[in-house]
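For reference, the chains in residue letters:
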Amino acid sequence: MNGVTLKAMRSLLHFSQHEAAELIGGVSVRTWSNWEAGVQKIPQDVISMINYLMVCRKKAITDTQAAIKTYYLQMPPGVSKKPVALVWYDSFEDWCTLPYRESIMWRPQQSVVAHLISVENCNVVQFDAGAYEAWLGRRPDSDSMRNQWAEEQVTA
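## What to know about the packing of aromatic side chains
- Applying the stated criterion across every chain, the model contains nine aromatic pairs.
- Here the aromatic rings of Phe-127 and Trp-149 are separated by 5.8 Å at their centres, their planes lie at 70 degrees, and the arrangement is edge-to-face. On the criterion of sequence distance, the pair formed by Phe-127 in the loop between β2 (122-126) and α7 (129-136) and Trp-149 in helix α8 (residues 143-155) is long-range, its members being 22 residues apart.
- The class of Phe-127 is buried, set by a relative accessible area of 5%.
- A relative accessible area of 1% places Trp-149 in the buried class.
- Ring centres of Tyr-132 and Trp-149 lie 5.8 Å apart, and the angle between their planes is 80 degrees; this geometry places the pair in the edge-to-face category. Taken together, the residues Tyr-132 in helix α7 and Trp-149 in helix α8 connect sequence positions 17 residues apart. Like Tyr-132, the residue Trp-149 is buried in the burial classification.
- Counting every residue linked through ring pairs, the aromatic cluster contains Tyr-89, Trp-95, Phe-127, Tyr-132, Trp-135 and Trp-149.
- It is Arg-101 that lies over the ring of Trp-95; its NZ or CZ is 4.0 Å from the centre.
- Positioned over the ring face of Trp-135 is Arg-139, at 4.2 Å from the centre of the ring.

Next up, the structure:
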C-alpha cells in the first residue's frame, strides 16, 4: 500500500489524520502524515487494520442493503414504500453509549450511512440522546431499538 492509497482509504472511512494516527496507528499525526506523503514506509499492522476496516465497511453496506431489500419485499402490494431511517451519530460519545461498540468503528459507521444515503432511498436521523432516552423508557437499549426510534422520528 502506498501513501496515496492510505490517504484515500482514511478519507473514505471518515477519519481525520489525527483520529487515524491515534486510533489506527497509535502514532503521532506527523508519523501518519509521513506515511501518506510516502516519506516513511507504512507498517504492516496499519495496512492490516485499514484493510480490516474497509472489509467491515463493505460488509455493513452489503448487510444493510440486503435488510432494506428484504424490508421492501415484505411490504404488502400497493403499500407505499417509504424510505428507511438510518441513525447518524454526530458525536463519538453518542456512538459509544452502547457498551459493545468498538470506538474505532464510529467513523466507518458514518461512512456507511453516507454511502447508503447516496445509493438507497433513506432518511437520516441524527441521534438525540435525551429524546431517545425519553422514548426508550425502561426498555433495553439496542441497535434495533435505535432504528425503531429513528423510524418514528421521520414520521413525527
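## Considering the nonpolar core
- Of all hydrophobic cores here, the largest spans 30 residues; its most connected members are Ile-24, Trp-32 and Ile-50.
- Of all the elements in the fold, those that place two or more residues in this core are α1 (3-12), α2 (17-25), α3 (29-37), α4 (44-73), β1 (84-88), α7 and α8.
- Element by element, the count of residues in this core is highest for α4, at five residues.
- The residues contacting Trp-32, other than those within four sequence positions of it, are Leu-6, Arg-10, Gln-17, Ala-20, Ala-21, Ile-24, Gly-25, Val-27, Val-46 and Ile-50.
- Formed by 11 residues, the second largest nonpolar core is a distinct cluster that contains Ile-61, Leu-86, Val-113 and Cys-122.

## Observations regarding the pairing of β1
- When you tally the buried positions in β1, you get five out of five residues, the bulk of the element.
- Side-chain alternation along β1 places Val-84, Leu-86 and Trp-88 on one buried face and Ala-85 and Val-87 on a second face that is also buried.
- Pairing analysis gives five bridges linking β1 to β2, with the strands arranged parallel. Bridge pairing in β2 places Leu-86 opposite Val-124.

Each value, and the rule that gives it
- Residues numbered from 1 in each chain as written.
- Predicted model: local features only at pLDDT ≥ 70, side-chain atom pairs only at ≥ 80, totals over all residues.
- Heavy atoms only, no water.
- Phe/Tyr/Trp six-rings, centres within 6.5 Å; stacked < 30°, edge-to-face > 60°.
- Helix = DSSP H or I, 4+ residues; strand = E, 2+ residues; numbered from the N terminus.
- Buried < 20%, exposed > 50% of the residue type's maximum accessible area, 1.4 Å probe, protein only.
- Lys NZ or Arg CZ within 6 Å of the ring centre and 35° of its normal.
- Core = buried A, V, L, I, M, F, W, Y, C linked by side-chain atoms within 4.5 Å.
- Contact = heavy atoms within 4.5 Å.
- Pairing = 2+ DSSP bridges.

Limitation: the analysis is restricted to geometry and does not speak to function.
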